[in-house]
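One-letter residues, chain by chain:
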Amino acid sequence: MRLKKVAESILPTRWGNFLIVAFKEENTKIKTNNHLALIYGDIYFPNKKILVRIHSECLTGDSLFSLRCDCGIQLKTALKIISQEGSGILIYHRQEGRNIGLINKIKAYALQDMGLDTVEANHKLGFSADERDFKICADILKLLNIKKIRLLTNNPKKVKILSKTGINIQERVSLIVGLNKKNKFYVHTKKNKMGHLF
């Protein structure tokens, strides 16, 4: 296990009160290698197929309202769906820009401005299309003693990796929101080059 739980508190939001739990990666000197779980309601209700969303950090979409991606609206919608469900978990996976980091993400934006798609831009910078480590998210679920979930995602890679780590994914739930003229090419690339299901 590469993580430990280090803090928790109540987080009031427009969708209700969540329990925010902070996790720290072990054996790393990088101070920002912390991840969060936002927990709503009773996630240990017997026979409950708990709804889980893994949301990778996107400063430009989540906080700066960028229309280049669908991240910000996915975050808001996922929190709303979880609260309407009555219980669930949102993992805030702090691997910005599919884990190439904020600066490289802006460099990738510049390459996209010149006509490259998001996958081509990552390759041009020397990265794979997706550098994220979803095993960290599986570790968070295990620390929370959650083994059976319904996963709110369009990304089959998340389903595959979590399943390999022993998380029983009983259902994949689509999250198709935030499509606009500015991110049409981005979403098209996710579908056609990264296998996302829309």
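Please refer to the structure placed before this passage.
One numbering rule holds for all chains: residues counted from 1, following each sequence as written. Restriction of local features to residues with pLDDT of at least 70 applies here, the model being predicted, together with a cutoff of 80 or more for giving and counting side-chain atom pairs; totals for whole chains, interfaces and linings are based on all residues. Each side-chain value is worked out from all heavy atoms of the structure, with water and hydrogens disregarded.

**Student:** What's the story with the nonpolar core in this structure? I'm lost.
**Tutor:** Looking at soluble globular proteins, one finds that nonpolar side chains tend to be buried together. In this structure, Ile-89, Leu-141, Ile-149 and Leu-162 are the most contacted members of the largest nonpolar core, which totals 25 residues. Residue assignment for this core shows that the elements contributing at least two residues are strand E2 (16-25), strand E3 (34-40), strand E4 (50-56), strand E5 (88-93), helix H6 (135-143), strand E6 (148-152) and helix H7 (156-164). Strands here are runs of E lasting at least two residues and helices are runs of H or I lasting at least four, both read from the DSSP assignment and numbered beginning at the N terminus. Considering each element in turn, this core owes the most residues, five residues, to H6. In what follows, residue pairs with any heavy atoms lying within 4.5 Å of each other are defined as contacts. With residues near it in sequence (within four places) discarded, Leu-162 still touches Ile-54, Phe-134, Leu-141, Ile-149, Leu-151, Ile-167 and Ile-169. Counting residues in hydrophobic clusters, the runner-up holds 15 residues, among them Ile-20, Leu-75, Val-173 and Leu-175. Side-chain atoms within 4.5 Å link the members of a nonpolar core, which is a set of buried Ala, Val, Leu, Ile, Met, Phe, Trp, Tyr and Cys residues. Exposure is judged per residue with a 1.4 Å probe applied to protein chains only, and the accessible area is read against the type maximum: over 50% gives exposed, under 20% gives buried, and values in between give partly exposed.

**Student:** How do you make sense of the side chain of Asp-70 when you look at a structure like this?
**Tutor:** Within the fold, Asp-70 resides in the loop between helix H1 (59-62) and helix H2 (71-85). One polar contact links Asp-70 to Lys-190, side chain to side chain, over a distance of 3.1 Å. Ignoring anything within four residues of it in the chain, the contact list for Asp-70 reads Val-177, Gly-178, Asn-183, Tyr-186, Val-187 and Lys-190. N or O atoms within 3.5 Å of each other form a polar contact, as long as, within protein, one can give a hydrogen and the other can take it, and as long as residues adjacent in sequence are counted only when both atoms are side-chain atoms.

**Student:** Explain the environment of Gln-95 to me, please; I cannot follow it from the model alone.
**Tutor:** Within the secondary structure, Gln-95 is located in the loop between E5 and helix H3 (96-99). Given the relative accessible area of 5%, Gln-95 is considered buried. Spatially, the C-alpha atoms of Gln-95 and Asp-133 are 8.2 Å apart, while their sequence positions differ by 38 residues. Residues in contact with Gln-95, not counting those within four places in the same chain, are His-35, Ser-56, Glu-57, Glu-131, Arg-132, Asp-133 and Ile-136. Engagement of the side chain of Gln-95 in a polar contact is seen with the backbone nitrogen of Asp-133, the distance being 2.8 Å.

**Student:** Before we go on, may I ask you to explain the environment of Ser-63 in this structure?
**Tutor:** Counting through the fold element by element, Ser-63 comes out in the loop between H1 and H2. Residue Ser-63 is classed as partly exposed on the basis of its relative accessible area, which comes to 40%. Taking the C-alpha atoms as reference, Ser-63 lies 23 Å from Ala-129; in sequence the two are 66 residues apart.

**Student:** Looking at this structure, I do not really get the packing of aromatic side chains. What am I missing?
**Tutor:** Given two aromatic rings, one states the distance between the centres and the angle between the planes to describe the pair. Note on ring pairs: Phe, Tyr and Trp rings are taken, using the six-membered ring of Trp, and paired if centres are within 6.5 Å. Classes follow the plane angle, with under 30 degrees stacked, over 60 edge-to-face and the rest tilted. Counted according to the given criterion, the structure contains one aromatic pair. Measuring from ring centre to ring centre gives 5.0 Å for Phe-18 and Tyr-40, while their planes differ by 55 degrees; the resulting arrangement is tilted. Of this pair, Phe-18 sits in strand E2 while Tyr-40 sits in strand E3, placing them 22 residues apart in sequence. You can call Phe-18 buried: its relative accessible area is 1%. When its relative accessible area of 18% is taken as the criterion, Tyr-40 is described as buried.

**Student:** Teacher, can you tell me more about empty space enclosed by the protein here?
**Tutor:** Empty pockets left among the atoms are what a rolling probe the size of a water molecule brings to light. With a 1 Å grid spanning the protein atoms alone, the term cavity applies to any set of points in which a 1.4 Å probe fits but cannot get out, the term pocket to an open set with protein on both sides within 12 Å along at least five of seven lines, and the term lining residue to any residue with an atom within 4 Å of a point. Grid points are joined across faces, edges and corners, and a volume is the space filled by probe spheres set on the points. Under the criterion given, the structure shown has one cavity of 30 Å³ or more. Taken together, 29 residues line the largest cavity, and the ones lying closest to its centre are Cys-71, Arg-98, Arg-132, Tyr-186 and Lys-190. Every element with two or more residues in the lining of the largest cavity is listed here: E4, H2, H3, helix H4 (102-113), helix H5 (118-124) and helix H8 (184-194). Gly counts as polar in this scheme, as do all residues outside two lists: the nonpolar Ala, Val, Leu, Ile, Met, Phe, Trp, Tyr, Cys and Pro, and the charged Asp, Glu, Lys and Arg. Across the lining of the largest cavity, the residue classes tally to nine nonpolar, 11 polar and nine charged.

**Student:** What should I look at first to understand the pairing of E6 in this one?
**Tutor:** When a strand is regular, its side chains alternate between the sheet's two faces. Judged by how many residues are buried, E6 sits mostly within the fold: four of five residues are covered. Strand pairing is assigned whenever DSSP identifies at least 2 bridges connecting the two strands. Inspection of the sheet shows E4 paired to E6 by three bridges, in the parallel sense. Within E6, the position partnered with Leu-51 by the bridge is Arg-150. Across five bridges, the pairing between E6 and strand E7 (residues 168-173) is parallel.

**Student:** I'm lost on the pairing of E2 in this one. Help?
**Tutor:** With 10 bridges connecting them, strand E1 (residues 3-13) and E2 associate as antiparallel partners. Within the sheet, the bridge partner assigned to Ala-7 lies in E2 and is Ala-22. From the end of E1 to the start of E2, which pair antiparallel, there are two residues. Where E2 meets E3, six bridges bridge the pair, whose relative direction is antiparallel.

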